[in-house]
Structure formats: C-alpha cells, structure tokens
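# Topology and contacts: notes
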Amino acid sequence: MEKRELKPELVESGDGSHTLKVEELKEHYHSHKGAIQESRYVFLAKGLREFDAASNVSILEVGFGTGLNALLTCLDQKRPNTNYHSLETFPLKWELLSQLNYPELVDDSRAKLLFEEMHLAEWDAEFELIEKFSMKKIHESLQRFNTEMKYDLIYYDAFAPHAQPDLWEPLIWKKLFELMKVDGVLVTYCAKGQVRRDMQAAGFTVERLEGPPGKREMLRARKNG
Ligand SMILES: C[S@@+](CC[C@H](N)C(=O)[O-])C[C@H]1O[C@@H](n2cnc3c(N)ncnc32)[C@H](O)[C@@H]1O
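It should be emphasised that the depicted structure is a prediction, and the values quoted were computed from it without experimental measurement.

### Digging into the packing of aromatic side chains
Throughout the structure, instances matching the rule amount to 12 aromatic pairs. Note on F43 and Y155: the rings are 5.2 Å apart at their centroids and 55° apart in plane angle, and the pair reads as tilted. Of this pair, F43 sits in helix α1 (residues 35-45) while Y155 sits in strand β8 (residues 151-156), placing them 112 residues apart in sequence. For the pair F43 and Y155, one class covers both residues: buried. Seen from their ring centres, Y156 and W168 are 5.1 Å apart, and the 85° between their planes marks the pair as edge-to-face. Note that Y156 is positioned in strand β8 and W168 in the loop between β8 and α6 (170-179), a separation of 12 residues in sequence. W168 matches Y156 in its accessibility class, with the two residues each being buried.

Structure follows, in structure tokens:
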C-alpha cells in the first residue's frame, strides 16, 4: 500500500463534515456516517477524556491523514501540556486539505489558522501549535517507527483491516504495547473480534464500547500496571 499512489476524493459524510474516499482501497478516511462525529466520540470522548484534565498527556496517532483528530485535540487543549505525535506514510497535499470544511464546522475562531499551520508545518520537526500543545508529524510507517518515547494515549486510526491487513497483525499490538506507558490507553473505531483477541495476547486489557452513531462497537485497550 505504501508504494501505491492513492487518489483520495473529497466527499460529504452524514454529519455534513467532509471525508476522503479512496477508491483503490474501497475505504474512507472516516466513518461515512459522520467524520467529525466519529473523531469526537472515538478519540476524544473515549480516549482523551480518560485522562485527568490536570495531567499532561502524550499522544501517538497512527494515520495523520486529514489532521482532523489533531485539530480537535488541539482545540480541546486545557491541560498543563499535551504532546501530539502523528505517523503518516502518505502525506496529503494542501491543495486537497485546504478544501476540507473542518475549520468552518468546529465552531472555534482559531480553527482555520491552526488547521493551516498544522498542515504547512515541516514534517519530522517538533513545533508548538498553540501554547502547551506541541506536535510532530512523522513521515514514517508504524512498522518502521523507532523511538525512545512512551505514550499515554494512542489514537489507532489506520485504514480498516480489509484494506490494510498488515496494520492489524498481532505484531502491531506488541509494538504498540511497548510504545505505551503503564496505565496508557489505546482507542480505535475497529471492533473486530480477532483484533480484540490479538490485543489481549499482546498484554492489553480490552473493553468493547458502544460505537459512534451508525457503528455498533469500538475498542479501548489499556496497559495495566
Ligand atoms: C483512516 S485514514 C486516517 C484518518 C486520519 N486520522 C484523519 O483524521 O484523517 C488512515 C491513514 O493512515 C495512513 N497510513 C497508511 N499506512 C500507514 C502506516 N503503515 N503507518 C502509518 N500511517 C499509515 C494513511 O495514509 C491514512 O492517512
């Protein structure tokens, strides 16, 4: 998949927010029922909210894509500090990203400028998007990613197993378990039984949660101390 040239096409999802459709993979970047709705629910409500508002959080996202999760997380920033790292093998062009309607829909006057700054920022360099929210977009695959860092929270937002099975292999969960701090949390929109069992085999304690509107379930995994 990394060597294939994807041609994402802008489409509207159920809540009026855009997503990208990738014909080659028969996949969308988000739920077609609602991109903003899914991101707020799966990653913020079920992931970020698990951490006390007074604590620092370090986040690793797998699949930066349109930057929607990063934007919503940044706009939510009230903590002493948030550090957001996001992996991406296929950076999208600003020409396409600039057409996405997220800044208009999120109801925050800072959104347009932050969305632009985030996307035009250099890859593989740490920067402060707003005060107390530092970020690094990492142009690397999860499989090759190598770091000494340990993360509190992982947003696992890869394409679905049918489109990219290599990102849902047992070895992936072992790697993410190692990348996570004790008491860390991983959230993903995916609820496949095999994925849940593979996460458990890697050491995670896994919960099945109600999914975002239009999706029955999602998974939340923890690395218990
Ligand atoms: C479901 S989409 C991302 C959604 C994204 N979080 C957003 O809000 O737009 C999956 C993303 O994972 C990226 N990706 C594909 N293979 C990857 C890999 N091996 N490591 C990291 N990211 C990968 C894709 O290019 C795509 O941008």
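### With respect to the sheet that holds β8
If you walk across this open sheet you meet the eight strands as β6-β7-β5-β4-β8-β9-β11-β10, and the pairing is mixed. Each edge of the open sheet carries a strand with a single partner, namely β6 (127-130) and β10 (205-210). On average, adjacent strands in this sheet sit at an angle of 25° to one another, irrespective of strand direction. Across five bridges, the pairing between β8 and strand β9 (residues 180-188) is parallel. The partner of Y155 across the bridge, within β9, is V187.

### A look at the site of the ligand
Every one of the 23 residues lining the ligand counts as a neighbour, but H30, G63, T66, E88 and D157 are closest to it. The contact in question runs from an oxygen atom of the ligand to an N or O atom on the side chain of E88, over 2.5 Å. Contacts to the ligand include Q143, whose side-chain N or O atom sits 2.9 Å from a nitrogen atom. Coverage of the ligand by the protein chains reaches 100% of its 600 Å² of free accessible surface.

### Describing the nonpolar core
In this structure, Y156, W173, L176 and F204 are the most contacted members of the largest nonpolar core, which totals 77 residues. When sequence neighbours within four positions are dropped, the list of residues in contact with W173 reads Y156, L167, W168, L186, V195, D198, M199, A202 and F204.

About the thresholds
- Residues numbered from 1 in each chain as written.
- Predicted model: local features only at pLDDT ≥ 70, side-chain atom pairs only at ≥ 80, totals over all residues.
- Heavy atoms only, no water.
- Phe/Tyr/Trp six-rings, centres within 6.5 Å; stacked < 30°, edge-to-face > 60°.
- Helix = DSSP H or I, 4+ residues; strand = E, 2+ residues; numbered from the N terminus.
- Buried < 20%, exposed > 50% of the residue type's maximum accessible area, 1.4 Å probe, protein only.
- Pairing = 2+ DSSP bridges.
- Axes fitted to C-alpha atoms, helices over the stretch in contact; angles between N-to-C directions.
- Near = heavy atom within 4 Å.
- Polar contact = N/O pair within 3.5 Å; in protein donor to acceptor, adjacent residues only side chain to side chain.
- Areas by Shrake-Rupley, 256 points an atom, 1.4 Å probe, with all protein chains shown as cover.
- Core = buried A, V, L, I, M, F, W, Y, C linked by side-chain atoms within 4.5 Å.
- Contact = heavy atoms within 4.5 Å.

On their own, these measurements won't tell you what the molecule is for.
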